[in-house]
Amino acid sequence: MAAGNGAPPPSPESGEGTPAFNPFTDLTAEQQACLREAWGDAAFAAITTFQRPPTQEEEPALSACGVMPPGGPENGPGGGHAS
């Protein structure tokens, strides 16, 4: 059986699994409710399980609901580049 074989999870580059930065791991109840209201239940489920990325119309909800800083993860703590 493959369970417990010590193999690492699939990398994001392979297109499988979750990316290295997963903003959905520690959502509060308020953030979940906010995203569900903004996206609807079906889109919430698809986006938070990485079945599909948010569309350009859905992306603003990530910062509006406090999931990511405005501009995405590269602008959060420890991210981005010095100017």
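Residues numbered from 1 in each chain as written. Predicted model: local features only at pLDDT ≥ 70, side-chain atom pairs only at ≥ 80, totals over all residues. Heavy atoms only, no water.

1. Regarding the state of the cysteines
Then, number 1: Following the criterion strictly, the structure yields 1 disulfide and no others.
Then, number 2: The disulfide that involves Cys34 links it to Cys65, with 1.9 Å between the sulfurs. The sign of the -75° torsion about the S-S bond sets the Cys34-Cys65 disulfide as left-handed. Taken together, the residues Cys34 in helix H1 (residues 29–39) and Cys65 in the segment after helix H3 (60–64) connect sequence positions 31 residues apart.
Then, number 3: Looking at Cys65, the relative accessible area reads 9%, which means it is buried. (Disulfide = S-S within 2.5 Å. Helix = DSSP H or I, 4+ residues; strand = E, 2+ residues; numbered from the N terminus. Buried < 20%, exposed > 50% of the residue type's maximum accessible area, 1.4 Å probe, protein only.)

2. Description of the side chain of Thr48
Then, number 1: Structurally, Thr48 can be placed in helix H2 (residues 41–48).
Then, number 2: The contact partners of Thr48, leaving out residues within four places of it in the chain, are Phe24 and Trp39. (Contact = heavy atoms within 4.5 Å.)

It is worth stressing that arrangement in space is one thing and function is another; only the former is reported here.
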